[in-house]
Each structure stands twice: as C-alpha cells, then as structure tokens.
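Understanding the architecture of this molecule
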4 protein chains.
Amino acid sequence: MKSIVIHAARDLRIEDQPVEQPGPGQVQIRLAVGGICGSDLHYYNHGGFGAVRLREPMVLGHEVSGHVTALGAGVSGLQVGQLVAISPSRPCHDCKYCREAMFNQCLNMRFYGSAMPFPHIQGAFREVLVADASQCAIAEGLTPGEAAMAEPLAVCLHATRRAGPLLGKSVLVTGCGPIGVLCILAARRAGADFIVATDLGDFTLGMARKAGADLTINMATHADLLAGYGRDKGTFDVLFECSGAASALIGAIPVMRPGGTILQLGLGGDMTLPVQAITAKELSLRGSFRFHEEFHTGISLMRKGLIDVKPFITQTFALDQAVAAFETASDRSRAMKAQIAFS
Amino acid sequence: MKSIVIHAARDLRIEDQPVEQPGPGQVQIRLAVGGICGSDLHYYNHGGFGAVRLREPMVLGHEVSGHVTALGAGVSGLQVGQLVAISPSRPCHDCKYCREAMFNQCLNMRFYGSAMPFPHIQGAFREVLVADASQCAIAEGLTPGEAAMAEPLAVCLHATRRAGPLLGKSVLVTGCGPIGVLCILAARRAGADFIVATDLGDFTLGMARKAGADLTINMATHADLLAGYGRDKGTFDVLFECSGAASALIGAIPVMRPGGTILQLGLGGDMTLPVQAITAKELSLRGSFRFHEEFHTGISLMRKGLIDVKPFITQTFALDQAVAAFETASDRSRAMKAQIAFS
Amino acid sequence: MKSIVIHAARDLRIEDQPVEQPGPGQVQIRLAVGGICGSDLHYYNHGGFGAVRLREPMVLGHEVSGHVTALGAGVSGLQVGQLVAISPSRPCHDCKYCREAMFNQCLNMRFYGSAMPFPHIQGAFREVLVADASQCAIAEGLTPGEAAMAEPLAVCLHATRRAGPLLGKSVLVTGCGPIGVLCILAARRAGADFIVATDLGDFTLGMARKAGADLTINMATHADLLAGYGRDKGTFDVLFECSGAASALIGAIPVMRPGGTILQLGLGGDMTLPVQAITAKELSLRGSFRFHEEFHTGISLMRKGLIDVKPFITQTFALDQAVAAFETASDRSRAMKAQIAFS
Amino acid sequence: MKSIVIHAARDLRIEDQPVEQPGPGQVQIRLAVGGICGSDLHYYNHGGFGAVRLREPMVLGHEVSGHVTALGAGVSGLQVGQLVAISPSRPCHDCKYCREAMFNQCLNMRFYGSAMPFPHIQGAFREVLVADASQCAIAEGLTPGEAAMAEPLAVCLHATRRAGPLLGKSVLVTGCGPIGVLCILAARRAGADFIVATDLGDFTLGMARKAGADLTINMATHADLLAGYGRDKGTFDVLFECSGAASALIGAIPVMRPGGTILQLGLGGDMTLPVQAITAKELSLRGSFRFHEEFHTGISLMRKGLIDVKPFITQTFALDQAVAAFETASDRSRAMKAQIAFS
C-alpha cells in the first residue's frame, strides 16, 4: 500500500509500505480522505516549526476518514464497510494527566504525524491504516471529506468550550484559515451573536463570511475598522486567535471588552505582548491545544446538520497528486482545506 | 384607550383608561401585540397562584411589542414609528442587588402585571403604553408577534446561560408549553447535541419536534422510553424543568448523568424530592427566574434569524376577543402561544 | 486477627479472621485507629438506612489509619513502619466515570463497609488490613487519631471545593455532627468570613464554636435568631447542609442570599421542599458525595497545621470495648468523633 | 492642614491646603496613617511609569486610615471618633461597567493619587480628608497601620478570587514586595496547600517566609531549585506574578501545571512571552487590577484575626519625614511596607 512520506523540506514521496493486520481491539481501515493541516505544511515547506524538526522520514497526516475493512478480536460497535473518522489522538490512559482526564496533556501522547518526540510518531496518510477501535467515530451520513474534517473541527470545539458560554456574546476571530473558519462555525453553533473576522486576504475573508461572520475586515487595508470597536474600552467578549501572528493578538487587545477571554489556538513563536493592558483590562489569555472527546461531538453535530463544513473543502486531489495537493494547500489565496482522496 | 383588566378569576374586562404622555427618558408606544403568559392565565383562571392573589383590579400582560409614537425629553436612540419590544422588567437600579447587577433580584422590582406586591404592579395590555426608553429594544425586521416573544425567550435564554456551556451536551426538557419549546430553541442555539422533550399531550410534543427536539416522549403513554436513559447512572447533562410538576422533576432524576445540572423554570408548589439521589449523584438543582440583559440578546438573535419563534405563535386574536384569547390560551391541546393584536 | 463485624441491628461482634498477605502493588497495615462514622451507626442502630440494608455479616469501618507492616511487590514510596491514612474509596479506574476522573461516581465502586451492592463490601475495622498502596497517604507527624480523620475531612473538603471560592463569603452550617464541624474547619480554611452554625443540642454547638463558628444557634430554642438573617432576601452565600433533616434545609432557604449555593451532604430520605422559593431566589442545591483526591489534600493540610481536627476526637476506646464505642458514638450529647484504638 | 505633594521626580513637598467640610453623604476624617505604594514610588523616583506621567503637582497616596471627625448630612452607620479605612476607589456608578458591577473598570474612575487622567486625581496623603461615607470601612480593633493596609490587601484578595478555588492547591508567587507578601497571606487564607515564593533579595524572601511560604527561592543564586518543579510538565496550579518582570513570568511557565492559572498583578511594560508554551500547556494568563468589594472583605478578615498584616509594616515615619519615608520605601533590601503617621 502507498503512504505519503516527508523526508525533508520539499521532499515529499509516495512510498510502498506493508499492509498491517488489526490486533485485538483494533480495526483495519481503507483510507478514504485525508486533509492537509497547517502542521503538515510546516513539515513540507520548512521541515518543521520551532524546535520541532524532522530527523527521519515520517508519514504525514492526521485528518483522516476511511471505511472499515477488518475488525480485530473483541471489537464491538463497528462493522466492516462503515465510514469512520479516525482520531489521531492516542493518549496512554495511564499517566497522571490521563488519570485526571486531561488526555490532551498526556505525557506519552502518540499523535499521528508528529516529529516530536523522537522516534517520530508516524502519520495516517496511508492507503490502509490500523487503528484502535476507540479512535473511530462512526460517520455514516457524512461524505468522507466531511468526516476527515472532524479533527480540525474538534480543535475548534475544544477552544469554544474553553471560552465559556457564548450565547449572545460578541466574538472576534483573527486568522481565517481552516481553524479560524471552523471557529466561526463553532462559535455560532454555541450561540455567539456578533462575529467579526479579520485576515489579510480576500479569499479567506470570503470564506469567513460564508461561515457566518457578520463582518470581515481586511487588516492589510482596513485596520481602522477594527480599531473603531475599541470605544469605551472595547467590544468583544471573546477572541479566537487563530493566526499565530503577534500583530493579530496585539491588535485585538484594545478592542477586547474588560474581563474578556482570548483563546490562543494559533501556534506562533515568542510574542512581545502589552501585558500592562492585559492586566488593567483583566483579560484572560488562555491556550487551547488539540482536543479529546470533542472529536465525537463534532461528528455528531455534523451528522445532525448542526455544523456544515462542506463549503470549506476547496480542493480534492488524487493520491498520486500529493505534491500538487501540498503546493495548493500552501496557497492561502485559493485553498481553504485541501484534501487527498486515497480511494 | 382600551386595556385588559382582570378583576377576579374568570372576570376579565376591556376597560377605558386615559392616554399617558411620556416624561423625561420615556417613550409613548402604540401597542401592536401582546402574548398571553402562563401567569396571565393563572390570574384569569384562578385569581392568582400560590400566595400571589388578586386583591384589586389589575391590567394584565407583560409580553408586548408596539410602535413608538412619541419621545420624552432626552431620549436618544429611538425614533417615532419604530417597532420595539418592551421589557416588563423594571428594577430600581438602587438597591443592593441592583448595585451588584443582580437586577432580577431587585428588592423593589416593578414587573408588569404582578399581583405581588400590593398595590399590584399594573400590566402592559393597553393600547397606549408609556415606558422608559431603556425598556425598549428595537425590533425592526421582526413581525410584531415575534417581537412580543422577546420576553418568554429572554426567560429561556437566561436559564440557558445559567446551565453553563451546552455545546455537544445532552439535554432533557420536561414540559413543552411555550417555555419548554423556547428552551429547546435556546439549548439548540447554544449547541446542545441531543435533545429529548417530554410532556403529556401530543400537540405540545409536536411543537417540541418542530422546535428541533431529537426525540419526544409522551409520559402518559411511554414513560418507559425515558426510563431507558437511566442506564449506567443516566444520560442527560442538563434538564430544563418547565412544567412545575413534581412528577416531571422526580422522574428526571434517574436519567440525569452524575454531576448534571437541573434548571428549574417551572413554578409549582412544594415538591417532595429524592434528596438522597440528588446528593449521591451530585446533581445541581438551580432555580432560574426571569432575566435581564437576555431581553436584548433574544431580540438580536431573532433579528439575525438565529432563533425563529414564528412557528410557535399559534393564534392571534383581536383586542375585543380577549376573553376568547384567554380561553384558547388555556387549552394546551391546541394553543402554544396565543397573542392579542392591539392595533 | 480480630475484626468488628455487624450481623444485624444491635448485633455487633468481634470476630477472628485470617491475616492476609499483600499482593503486587499492595501493602499490609497494622491498624492503629478507626473512627466511627454516621453510616456505621446506621448499621449498628438500624441495620441500614433507606434502601441500603444488611443482608449478611459485614466488617464495619472506613475511617482508618495504621502502620505499614509489609510491602507487596512493586510498591515504592512507602516504608515499613510508616503511619498512613487509608482511603476507603476504591474505584475501578476502568468505567466511563473513572475514565472521566469522576471517581466518586464509579460504576463499580468498592467502598469499605458498604451494604450496597451485594455481596456487601467488607470494611476496614480489622487489626490487619491489606490495601492498595495508592489508597495510602503518608501521615507522619500526625497522631493515628488525626490520620483516621482524613476520611470525613475529605468529605468536607470535597463539598467545600464544590461550593466555589469562599474567600470573604458568609456561610451557614446546619447540623454540627462531625461532618458539620469539619465543614466549619474547611470553610474557614478556604477563607469564609462569617460562619453561623445551627443544631439542636448544646454539646455539638459548643464544638462548632471550638471549630471557629462566629455564631451558633440552637434551633430548638432560638430559631428566631436565624430568621433575622432573612432580611432583604437573605444573608448567606453558601449553606453546608450536614443534618439530612428536611427542617434544616427548609429553614435555611429564607436566609440564603439570592444566587446562593446549598451543598447537601446530609443523607436523609425524601424531603418536601419549597421549590418555588428556590426558583425565585435562583438558589443552587448541589449534592456532594464522598471525595477523591481530597483525601490526600486533607492529610497535607493537617500535617502543615492548617487544619486541626484533634479537638473533635472526643473519645477513644479499646478494640474489645467496641460495643461501648458504638453506644457512645450514638449519643450526640457527649460524643463528636469516637474512635477505636486497634493497637 | 498639610499634604504631601509630588511636583516632579525627586521633588516631594509638604504643603498647606485648606481644610474641607463634608457635604451630604460625606465624612471628614483626620488622617491617621498612610502607606507608601509602588505607584507612589514611581511618581517619586521617576515622575510616573509607562505612559502615565506627572503633568502638574499631585497629592500622593491611596492607602489610608483615619478617625472620623465630622459627618455630612444623611450619613448613617458611622460615628465621630471611629477608626476607618478609606477606599481610594471612586467609580462613577453610572457608566456601563458600573451598571454591570464591574466597578474597577469604571470609565470615569477617580482613584486617589493617579496622574491618569488629566487633570490628575488628587491623592489622600493630607491631614484632613473628606470622603464619601461609602468609601469608609469601620476598622475598630485594628491599629491605624493595619487599617491602612486594607488597600493593598484588597488588591491581593481580588486576585485570589480571580484565581478560582485554592483549597489544597500549589501556588507560586513571583516577586515578594508588599503585593507578593499579601498574596501569600491571601492564598493561604483561601486554603492553598503548598506555596513557593521567589525574589532576588534575602530581605523580601525572609518576609515571604514570615507570611507563610513553604519554600522561598532566591532566583539570583538558586534558580535551579525552581526549575526542578518543571518535571512532568510542571507543579503549580496557580501563579501570582507580582514582580512585573518579564523574566519572572517567563521563568514560571515551565513549572506551571498544564491548565494552570497565572494571575498577573505586577505592572511592567511589554513582555516577550513564549506563547507557544502557554498554548500547548493550556495555561490561562489573567490580568488582575485593583479591587472593589474586597476592600471591606479585607477589613473584616483582619478584624477577625484571619489575616495578620502587622509583621509587614516595617517602618513608620512622622509626616515631616516624608522624604525619608519615600527613600526608605524605595529600598527593597530593608523596607516592606513603609508608612507615614499623620497624627
């Protein structure tokens, strides 16, 4: 079977690997669709990010769906032929954080397609995948492409939960890539009333409007529109910072309402922040990292039609066009979520 | 101008009263629509409820919308001709609870159409109403009937906020009158995933399905269906108890998930509760009473199309048919929200 | 070795049982002290409580300390000779609640000395006890009697945490048995400012004052003193209801501040409650049941001198005086916490 | 009467001003004691801080106590001769934040001794002060020096409340000036179990130990001791950052437990922060600014002996030694809280 392997920046290869059989509690899955995530792009374009660097070849990918082809011993609740979304999160269930149900902080996490730790954790972009049954969420009624969106959607649902009740709140979203757009969907689903989204490009801002933003602001040309929300100490109850850019976070602080909450999802480097203003306005800057049970929540909300991610899957490539897929996904002026069809 | 005055149980009269002029900070409104609430029905059918009893004639009504006809001195932000929803909540802004922003606990509350305290607080079912500008929410884009739903919707939004984050949660609603149905809408808007509603009649349960309940259970005939959700200590994260019936609350306790939250909106009398089960499951039983800023939140969500109350306005009567309106509203087998058109 | 076995109401026997050896991950403990809890007294005086009834002989006891006498394979962090407090809570770590870290709701809980489920879970009043190492908290620096207070203290710390921040808050405690008195200590430790305690007897109220209550009220003679706190809708932010008596809970509702929180620890039967008042004041009635990590928290706070339980250990009996111990413990006019010395 | 007026950096003068009479709702107070705060020192040493600069002479001081000498019309609850602590916080009670009870975010705040806004808000270091009765907390039973500590104590109680429940938690305090030391007292009062404090000087660390820190670390010489708490992703549930130094905050991030909370009290300039680590550990960085009702809470806790600030009042100067007082207060190697006796 074929898999998509990154060897170094710009060195992406399709390679043959042996097909695995499912052990007890596991299932074998014929992959249907894999979405390309920002971290995949970092490996592809730069060989890593921050201190996380490729040191050996690694199968990429962690946003995947597929059809069950075989069940290992003792698996119940899944059937051969079913479409499933596969969670890339594999906590150890035994460390002190797992025992406190803080699974996303597991000391021994084995998250698909991560160059940290070493040896790297191999990813899920392979034609045949063996996974634990507990990683699988039944996705029947969804397209394989939607099912493969469960992972980034879970990231955004996790952040939305960490934001506290959003019913009737005013929300700002900075950075309208896939995470920003899915945060708009999640915030609206959670009852946000007024949603403003900012970015630097018209394509992504158009997507933000399609996701339901009440107003979008191109900060390259209309930053003053945002500044207007700073009257009387600010407007927004909640910020979802999805860009990882210091300028986005810094620019948002004057328009946050005193006591407001900032969810930091974007992974950037160090940022020089106006801590005095954060202090005086009593803002809360909260990190939000990955997810856990929100993976199943997202599948359920999509299956009921309560969240619709289809408009944000902008391109689908065949497996042998993987390099073209990564090139397209890297271009934020025309790709929101690019996916690869494995079968 | 005419007003709707209750003199005693079953003694409802349409009476003439003088038109008032708006003072500073006030507006004069030509009433458009008034919705009949459960408490109005208690006065009409029984002369009160619990210790709250009619002792003198009282204008009924507190769910109202209308068009601005005159502005008092110093009023800005409103214009003659605008449709507004008028909040019946008039806290003193000076007592210790108001100073802590707990306005719904105001020691000197003057809520429209309340027989407690004495002299009674006169209500809003009158052709011309003078109100404080701060009570008015601009409702343009809504029908007058929708605007008059802002008050019961606010009650339900308040309870929904008190429930904590609902995104992806399982919710039970007991009692599918207007409050129950609006709680379904509010819970879904706040991101609830699985919603079950119970009642004793098919008409209200049909309305609950229209509001988006995933499942409705007629407890008169299918109580066993609810009981099935009690496996493994229960299913529901949140209960909105909207019936005021002890049997509904008691029947829900076995199907609540440990640590779950019960919002009590229904106003009943004393209830004999299984406190030991509440303790052992660590449930939280929280009262939810009226609202404050949620009045404006509801108007905003309706104006954006994020909550649609129109299907639940089942009858509209002319002012001179007020008695028929009250009779119909009292019949839960055919009326969800009955309203009176004042102009 | 001897153990204390209840056969039926008023039929308490000291019986010989074989000494067990510790398996892997376990420790053998020579019991030092066991405290008599209210549930032990229910078995002794009434053969059970509510639906929980003795159906076969059962070793009583779950408030115990002792000295480590042997270590099973793989145990680290404990040494022979150390004084430990032993938690009676033994969740399965595998059910859905355990996996969410809701250990006190474990579907397969094996809590020492519980007649529910059947076969009963045998208790810890035995000269030699084999326990999991993870149940043991090192108690060096404490007396064995203090260490045996870790369990009821944990119950109260758990409730205190569920009460939310108490710093500067006004607290009412109803029922001044051991749980009530330890709630006073815990609430003060958590920063409560004004603490009032009520009961029906002078002995327990004296203990409440010793625990730091600012004011105690004998409800048998001075109920009007409590009623005075009902002015302007009430005074207390938090109630710890430790009596299990409906009259205590009902009497507290008028003196609770709107929005206040009631922690229900007392286990009574059904109670007829003024749900309308709970609703209108937006009170929260929260069950609090057992504990988990608070067991270690209590040991740590006692070892640092931040909580002092010694004044509340009012009697210590030799093992062969167990019946006298249970008789004395049943007399709330002279016993707060009666303990049995096993060695 | 004399007052202490800052004209420019290092230009502090004692000047005569006319005595004022109390208007309706006001009281006249003969000042007893005034404590010198860090912001007073910034004006004295540097003429301001950040963008806040002296532009005209300003009476300093906002930590004050005194004896009531006259009551204005309509004042009840205070008597001539009583010792009171006077809160420097004077919100307008009319802006949108005041109406939401977010008084510390008042748009028209008139906080004593603030160069922002302009004209500056004059301070309270004057022999005779006229204040609103609502600013006064009866401090009988306290020394005037303790009463003057109510203001910085309130700052720390406010931050402690914002930290959420502390019972049994592990707390780190960075920066052991008066705010750091009072945070130690407040955190312990709120039930913190393990408290570590860091600073760069032995004098302040000694004070931290006196306040109850379990361990103090001199970061100039023993930074490795702190780093040891970074094992397994960290130890501390809560950080009170009281230094305003970026190095303190940055150094604390690796020793914070995932999901932990950082209260930022120290007012520094911009800080370059490891936002990626904050995100991945899901830390919450919360500003904490001033206080409101915690002023009265602190007085109450001190009067009951639940918090003892006396050991931290290290020097008291006569009014005519004000310059010496400011010089001493500026020396963190020998002054914790320096106060001035006005009478």
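Here's the deal with the overall build of chain A
Check the secondary structure of chain A and you find 11 helices and 19 strands. When the backbone C-alpha atoms are referred to their principal axes, chain A occupies close to 60 × 40 × 35 Å. The 343 residues of chain A split such that 61% are buried. Across chain A, every contact between residues at least 6 apart in sequence was considered, and the portion connecting residues at least 24 apart equals 67%.

A look at the packing of helix α1 (residues 38-46) of chain A against helix α11 (residues 322-329) of chain A
Residue and element names in this part refer to chain A. Contact pair α1 / α11: the axes reach a minimum separation of 10 Å and the direction vectors enclose 105°. In terms of orientation, α1 lies roughly perpendicular with respect to α11. When α1 is examined against α11, the residues Asp 40, Leu 41 and Tyr 44 are found in contact with a partner set consisting of Val 323, Phe 326, Glu 327 and Ala 329. A class-by-class count of the residues in the contact of α1 with α11 yields five nonpolar, no polar and two charged.

Quick look at the confidence of the model for chain A
Chain-level pLDDT for chain A is 97 on average; 100% of the residues reach the 70-or-more range. Among the prediction metrics, the complex's ipTM stands at 0.97, with pTM recorded as 0.97.

Looking at the interface of chain D and chain A
Chain D puts 41 residues into the contact, and the matching count from chain A is 41 residues. Between chain D and chain A lies a buried interface of about 3600 Å² when both sides are counted; carbon and sulfur atoms form 49% of it. Looking only at chain D, the three residues that lose the most surface to chain A are Gln 276, Thr 279 and Glu 282 of chain D, adding up to 18% of its buried area. For the pair chain D and chain A, the interface holds four salt bridges. With a shortest N-O distance of 3.8 Å, Glu 282 of chain A and Arg 162 of chain D are connected by a salt bridge. Remark: the boundary between chain D and chain A carries 22 residue pairs in polar contact (both at pLDDT 80 or more). Mapped by element, the contributors of at least two residues to the side of chain D that touches chain A are α2 (96-99), α4 (150-162), β15 (256-264), β16 (271-273), α9 (275-280) and β17 (284-287) of chain D. Among the elements that take part in the side of chain D that touches chain A, α9 of chain D stands out by supplying five residues, more than any other. Residues belonging to the side of chain D that touches chain A are distributed by class as follows: 17 nonpolar, 14 polar and 10 charged.

As for the domain arrangement of chain A
All names here are of chain A. Parsing chain A into structural domains produces domain 1 (2-149 + 309-341) and domain 2 (155-287). Computed over C-alpha atoms only, the centres of domain 1 and domain 2 are separated by 28 Å. Contact with domain 1, which involves 12 residues of that partner, is made by 12 residues of domain 2. A buried area of about 970 Å², summed over both sides, lies between domain 1 and domain 2, and 82% of it is on carbon and sulfur atoms. It is Phe 312, Arg 332 and Met 336 in domain 1 that bury the most area against domain 2; as a group they hold 56% of the surface buried on that side.

Structural notes on the sheet that holds strand β6 (residues 58-59) of chain C
Residues and elements named next belong to chain C. If you walk across this open sheet you meet the three strands as β2-β1-β6, and the pairing is antiparallel. The sheet is open, and its two edges are formed by β2 (11-16) and β6, each paired on a single side. In terms of strand pairing, strand β1 (residues 2-8) meets β2 through six bridges, oriented antiparallel. Residue Lys 2 lies in a different strand from β2, and its bridge partner there is Asp 16. Packing of helix α11 (residues 322-329) onto the sheet brings it into contact with β1 and β2, and relative to β2 it is tilted by some 145°.

Overview of the relation of the copies chain D and chain A
Note on the identical chains: chain D maps onto chain A by a rotation of 180° and an axial translation of 0.0 Å, with an RMSD of 0.0 Å. Taken together, the rotation and translation relating the two chain copies correspond to the operation of a two-fold axis. The position closest to the rotation axis in chain D is occupied by the C-alpha of Thr 272 of chain D, lying 1.9 Å away. Comparing contact sets, 100% of the residues at the interface of chain D also lie at the interface in chain A, consistent with an isologous, same-surface contact.

Re the side chain of Lys 337 of chain C
Residues and elements named next belong to chain C. With respect to the helices and strands, Lys 337 occurs in strand β19 (residues 337-341). Residue Lys 337 is classed as buried on the basis of its relative accessible area, which comes to 2%. Within the structure, the side chain of Lys 337 is placed 2.9 Å from the backbone oxygen of Ile 36, a separation counted as a polar contact. A distance of 3.0 Å separates polar atoms of two side chains, one belonging to Lys 337 and the other to Glu 63.

Regarding the pairing of strand β1 (residues 2-8) of chain D
Residues and elements named next belong to chain D. Turn length for the β1-strand β2 (residues 11-16) hairpin, with the two strands adjacent in sequence and antiparallel, is two residues, and the turn residue Arg 10 shows positive phi of about 70°. Where β1 lies against strand β6 (residues 58-59), two bridges are found, and the strand directions are antiparallel. Its bridge partner lying in β6, Ile 6 is registered against Met 58.

Concerning the sheet that holds strand β11 (residues 170-174) of chain A
One open sheet accounts for 12 strands, arranged β13(A)-β12(A)-β11(A)-β14(A)-β15(A)-β17(A)-β17(D)-β15(D)-β14(D)-β11(D)-β12(D)-β13(D); its pairing is mixed. The strands lining the two open edges of the sheet, one partner per strand, are β13 (215-218) of chain A together with β13 (215-218) of chain D. Across this sheet, the average inter-strand angle for adjacent strands is 15°, counted without regard to direction. Sheet topology places strand β15 (residues 256-264) of chain A next to strand β17 (residues 284-287) of chain A; four bridges connect them, and they run parallel. Across the sheet, the residue bridging to Thr 261 of chain A is Ser 284 of chain A, located in β17 of chain A.

Section: the interface of chain B and chain A
Between chain B and chain A, the residue contacts involve 20 residues of the former and 20 residues of the latter. Buried area between chain B and chain A, summed over both chains or domains, comes out near 1700 Å², and the portion from carbon and sulfur atoms is 57%. The largest per-residue losses of area from chain B upon contact with chain A belong to Leu 167, Arg 189 and Asp 193 of chain B, which jointly make up 36% of the total buried on that side. Where chain B packs against chain A, one counts four salt bridges. For the salt bridge of Lys 304 of chain B with Asp 214 of chain A, the shortest nitrogen-to-oxygen distance reads 3.0 Å. Applying the counting criterion to the chain B and chain A interface returns 12 residue pairs in polar contact (both at pLDDT 80 or more).

Remarks on the packing of aromatic side chains
Residues and elements named next belong to chain A. Counted under the stated rule, the structure contains 32 aromatic pairs over all chains. Ring centres of Phe 291 and Phe 295 lie 6.1 Å apart, and the angle between their planes is 25°; this geometry places the pair in the stacked category. Phe 291 gets classed as buried once you look at its relative accessible area, which sits at 1%. By relative accessible area, which is 1% here, Phe 295 ends up buried.

Focus: the relation of the copies chain B and chain A
Here chain B sits on chain A after a turn of 180° about the axis and a move of 0.0 Å along it, with an RMSD of 0.0 Å. Mapped onto chain A, 100% of the interface residues of chain B again fall at the interface, so both copies present the same surface.

A word on the pattern of salt bridges
Here the idea is simple: oppositely charged side chains can pair when their charged atoms come close. For the structure on display, the rule yields 60 salt bridges over all chains. Across the salt bridge formed by Asp 214 of chain B and Arg 188 of chain B, the nearest N and O atoms sit 2.9 Å from each other. Residue Asp 214 of chain B is found in the loop between α6 (202-211) and β13 (215-218), and its partner Arg 188 of chain B is found in helix α5 (residues 178-189); the two are separated by 26 residues along the sequence. A relative accessible area of 33% places Asp 214 of chain B in the partly exposed class. For Arg 188 of chain B, a relative accessible area of 10% translates into the label buried. In this structure, a network of salt bridges that share partners links the residues Arg 188, Asp 193 and Asp 214 of chain A together with Lys 304 of chain B.

Looking at the state of the cysteines
Residues and elements named next belong to chain A. Evaluation of the coordinates by the stated rule reveals zero disulfides over all chains. Looking at the unpaired Cys 242, the closest cysteine sulfur is the one in Cys 183, lying at 3.9 Å. With a relative accessible area of 15%, Cys 242 lands in the buried category.

Conventions we followed
Residues numbered from 1 in each chain as written. Chains lettered and ligands numbered in written order. Predicted model: local features only at pLDDT ≥ 70, side-chain atom pairs only at ≥ 80, totals over all residues. Heavy atoms only, no water. Helix = DSSP H or I, 4+ residues; strand = E, 2+ residues; numbered from the N terminus. Buried < 20%, exposed > 50% of the residue type's maximum accessible area, 1.4 Å probe, protein only. Contact = heavy atoms within 4.5 Å. Axes fitted to C-alpha atoms, helices over the stretch in contact; angles between N-to-C directions. Parallel < 35°, antiparallel > 145°, perpendicular 65-115°, else oblique. Nonpolar A, V, L, I, M, F, W, Y, C, P; charged D, E, K, R; others polar. pLDDT = per-residue confidence, 0-100. Buried area = accessible area lost by both parts, 1.4 Å probe. Salt bridge = Lys/Arg side-chain N within 4 Å of Asp/Glu carboxyl O. Polar contact = N/O pair within 3.5 Å; in protein donor to acceptor, adjacent residues only side chain to side chain. Domains from an automatic or database assignment. Pairing = 2+ DSSP bridges. Least-squares fit on C-alpha atoms with pLDDT ≥ 70 in both. Phe/Tyr/Trp six-rings, centres within 6.5 Å; stacked < 30°, edge-to-face > 60°. Disulfide = S-S within 2.5 Å.

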